[in-house]
Amino acid sequence: MTDIAHDRLLIIDFGSQVTQLIARRARELNVYCEIHPFQKVTDAFLRDFAPRAVILSGGPASVLDEDAPRPPASLFELGVPVLGICYGQQVMMQMLGGRVERGHGTAEFGRAFVSPAGARTPLLEGWFENGPEQVWMSHGDHVSAIAPGFEVYGTSPNAPFAVIGDPERRFFAVQFHPEVHHTPKGTQLLRNFMRLAGFAGDWTMGAYRQEAIRRIREQVGDKRVICGLSGGVDSSVAAVLIHEAIGDRLTCIFVDHGLLRENEAEEVVAMFRDHYNIPLIAADESDLFLGALEGVSDPETKRKTIGRLFIDVFQKYAAEIEGAEFLAQGTLYPDVIESVSFSGGPSVTIKSHHNVGGLPEKMGLKLVEPLRELFKDEVRALGRELGLPESFIARHPFPGPGLAIRCPGEITREKLEILRRADAIFIDQIRRHGLYDDIWQAFVAILPVKTVGVMGDGRTYDYACALRAVTSVDGMTADYYPFSHEFLGETATRIINEVKGINRVTYDITSKPPGTIEWE
C-alpha cells in the first residue's frame, strides 16, 4: 500500500473493463485514489487503508451466482460514503437487504436516458436542467427492490432504480456507468460524490512532487541510483525527479541501439547532459544491435534479441558505477494495475511489467519507482511541474524496440535511414498542420516490398511505405486519424520527392482491434 499523505478514495474492482476510468476521473478531480481487486479488500485492509470514501466498480458477474464477488460486510460499517456503480449497485442492494433479479427483458446495453424521480439529492446537482440525462448502461440483472433506508432519485425505462441513495448513511448507487464519456454528466456526478465525501481536492502534481522527493530520499538514503534512460517521457520524468531528490548520486545510462528516430540520440543527450546536468553515460552500441539483427525477420525474435542485448549492455555500463544499490524504473499505475490478476490466479494475469526485465534480480538491485502511482497524463503534468520542455513532454509514445518493429522483414542500415527520413517528414507535416496534439501516435513503416514507379522520364524500383496515425485514450483501443485527402497527397508528394528509396506511399486505416498500433 502506498504512503500517500492525502485523503484516499478506495475503488474496489469487480472486473469491469472500465474500472481504470473511475480512477482517471477521480484524479482529474484532484482526488487521490487506488484500485484494488475485491479479493484483496479484507477487514484488515480496510482498517489500514482508511479510505475517506469507497466506490464499488461494475463487473461481469451476477450477484445471483454462487460465490459471486462481494466486498466485506464491514465496509458498510466504516461510516464513510460509498458509491456503487452497475454491479456495485447490485451487490450493495443484495448485501443491505434489497433484491436483485435476472434480466427478463430489463437488460440495457448502450445509451439510455435517466429522468428525475420524486426525491432530490446533492449527488445529482447540475443534472436534469434541460430534461432527462443521457447515460451509458451495461447490465443484464436489475435491482427489483431497494434496501431499507434508500430512496429513488432517478429512473430509466428499464431501470426504475437508476439512481438511489441512503442520505443518512451517505450510501449511493447508480445502475449506469458515470465514468465513461457516453454519460456526458458523469464527471459532474462523481464530482458531487467527492464533495459529499468531503475530499479536499488537494491531489496536485506540485504536492506529489514534494512527497515523491521526500520518499525517494527516505528510500535511497546516501546510496547511489542508476536509471535506464530510454528517451521516452516516463523514464525521463523519473530521472529528473530523482535527480532533484538526490543530485549527482543518480547516474543515467542511455543506450543507443541504432533504432532511434532522426536526431533522437543527440537530443536526449543534450537535454540531460547539458540542460539538466545529470550524470549520463551515453552508450552507442548500434553496431552490436544491428549486427545481431542482421538477417532476422521474425518480429518476436527481433524483440527478444533487442531485449537480451539491452540487458547485457546495461549491465556492462552499470558495473562501472561504484556503489549503486538502486535501479530506477518509469513504472506507471496502469502497469501496476495490469500486473494484478482480477481472479487472483497467476495464469490470467494480463501482463507483468519490468521496464528493464529481470535486471533488478540479476544485479541484486532494489527498485525505485517514483511514478508508480501515476497515470500517463499525470506523468506529463509532473514533467511540466519539473520544467521539462513541452515539446518533449507531449511527444508521442515510442516503442522500446524502436524502428525495428516499424521495419517488417529484415532490417538493414539502408532501410533504417530511409525510414528515419520519411518518418521525420510525416511528423513535420503533422506539426505544420497543427495536428500533432490531436493524435496519440504517428509514424511511418517501411514495407518489405519494392514497387515500380516513374520519376521524370525514368523507371524506379523502390520501397513502399505506410503512414500510420491513430487517436486513443490509453493505447488499449485506437482509431485511425481521419486526415484529409489534401494532407495525405501533400505528405506523399514530400516523401517521394525528398526521400531517395521510396516511390509509393499508403495510409493504414486499420483500427485497434482488429489491428495493433505498431506493425510488429
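This report concerns the structure included in the present document. (Residues numbered from 1 in each chain as written. Predicted model: local features only at pLDDT ≥ 70, side-chain atom pairs only at ≥ 80, totals over all residues. Heavy atoms only, no water.)

## What about the packing of aromatic side chains?
What counts, and what does not: Two aromatic rings from Phe, Tyr or Trp, using only the six-membered ring of Trp, form a pair when their centres are within 6.5 Å; if the ring planes differ by under 30 degrees the pair is stacked, by over 60 it is edge-to-face, and anything between is tilted. Burial status follows relative accessibility: with a 1.4 Å probe on protein chains alone, a residue under 20% of its type maximum counts as buried, one over 50% as exposed, and anything between as partly exposed. Both a distance and an angle decide whether a charge sits over a ring: NZ of Lys or CZ of Arg must be within 6 Å of the ring centre and within 35 degrees of the ring normal.
Evaluated as defined, the whole model comprises 15 aromatic pairs. Ring geometry for Phe483 versus Phe487: centroids 4.3 Å apart, planes at 15°, classification stacked. In terms of burial, Phe483 and Phe487 fall into one category: buried. One Lys or Arg, Arg261, reaches over the ring of Phe398 and ends 3.9 Å from the middle of that ring.

## Side note on the sheet that holds strand S13 (residues 250-256)
Quick reminder of the rule: By this definition, two strands are paired if DSSP reports at least two bridges between them. Starting at the N terminus, helices and strands are each numbered in turn, a helix being any DSSP run of H or I of at least four residues and a strand any DSSP run of E of at least two. Axis lines are fitted to C-alpha atoms, over the contacting stretch for helices. Their N-to-C directions set the angle, which ranges from 0 to 180 degrees. When checking whether two residues touch, look at their non-hydrogen atoms; a contact exists if any pair is within 4.5 Å.
Read across the open sheet, the five strands follow the order S14-S13-S12-S15-S16; overall the sheet is parallel. A strand with exactly one partner marks an edge of an open sheet, and here the two such strands are strand S14 (280-284) and strand S16 (366-368). In this sheet, adjacent strand axes meet at a mean angle of 30° when their direction is disregarded. Against the sheet, helix H7 (residues 264-275) engages strand S12 (224-229), S13 and S14, with an angle of about 165° to S14.

## Some details on helix H5 (residues 205-220)
Convention followed: Expected span, for any helix, means 1.5 Å times one less than how many residues it has.
The end-to-end C-alpha distance of H5 is 22 Å, a good match for the 22 Å that 16 residues give at a rise of 1.5 Å each. Every buried residue of H5 is accounted for by Met205, Tyr208, Arg209, Glu211, Ala212, Ile213, Arg215, Ile216 and Val220. Turning to H5, the residues buried within the fold contact S12, helix H6 (233-246), strand S15 (324-328), S16 and helix H12 (376-385).

## So, the nonpolar core
One recurring pattern in soluble globular proteins is that nonpolar side chains are buried together. So the rule is basically this: What we call a nonpolar core is a set of buried Ala, Val, Leu, Ile, Met, Phe, Trp, Tyr and Cys residues that are connected through their side-chain atoms within 4.5 Å.
With 51 residues, the main nonpolar core has Phe426, Ile430, Phe483 and Ile495 as its most contacted residues. When residues in this core are grouped by element, the largest group, eight residues, is from helix H14 (residues 413-432). Ignoring anything within four residues of it in the chain, the contact list for Phe483 reads Phe426, Ile430, Leu435, Ile439, Ala469, Leu488 and Tyr507. Core analysis: the next-biggest nonpolar cluster, separate from the first, contains 44 residues, Trp203, Ile213, Leu241 and Leu388 among them.

## Some points on the pairing of S13
Under the convention used in this document: Convention used here: a crossover is right-handed provided that the path from the first strand, over the helix, to the second strand proceeds clockwise when the strands point away from the viewer.
Of all seven residues making up S13, seven are buried, and the element is well covered by its neighbours. The two faces of S13 match: Leu250, Cys252, Phe254 and Asp256 on one face and Thr251, Ile253 and Val255 on the other face are all buried. By the bridge criterion, five bridges tie S12 to S13 in an arrangement that is parallel. In the strand pairing of S13, Leu229 is matched with Phe254. Between the parallel elements S12 and S13, the chain passes through H6 in a crossover that is right-handed. By the bridge criterion, five bridges tie S13 to S14 in an arrangement that is parallel. The residue bridging Val255 from the neighbouring strand is Ala283, located in S14. Note that the unit made of S13, H7 and S14 has a crossover that is right-handed.

## Comments concerning the pattern of salt bridges
Our working rule: Salt bridges are identified by distance alone: a Lys or Arg side-chain nitrogen within 4 Å of an Asp or Glu carboxyl oxygen.
The final tally for this structure, using the stated rule, is 30 salt bridges. The closest approach of N and O atoms between Glu262 and Arg421, which form a salt bridge, is 3.2 Å. Placement of Glu262 in the loop between S13 and H7 and of Arg421 in helix H14 is noted, with a sequence separation of 159 residues between them. Through salt bridges that share partners, Glu262, Arg421, Asp428, Arg432, Arg494 and Glu498 make up one connected network.

## A short note on helix H15 (residues 485-498)
So the rule is basically this: In this description, one arc is meant: the one made by directions from the helix axis to the C-beta atoms.
Its 14 residues give H15 an end-to-end C-alpha distance of 20 Å, which sits within 8% of 20 Å, the value for a rise of 1.5 Å per residue. Considered for burial, the residues of H15 that qualify are Phe487, Leu488, Thr491, Ala492, Arg494 and Ile495. What you see down the axis of H15 is that its buried residues fit within an arc of 160°, all on one side. Exposed residues lying more than 90 degrees from the buried face of H15 are His485, Glu486 and Asn497. Close packing links the buried residues of H15 with H14, strand S18 (458-471) and strand S20 (502-507).

## Some words on the environment of Gly409
Positionally, Gly409 belongs in the loop between helix H13 (390-393) and H14. Placed 40 residues apart in sequence, Gly409 and Val449 show a C-alpha to C-alpha distance of 9.3 Å. Filtering out sequence-adjacent residues up to four positions away, Gly409 remains in contact with Val296, Ser297, Lys302, Pro448 and Glu520.

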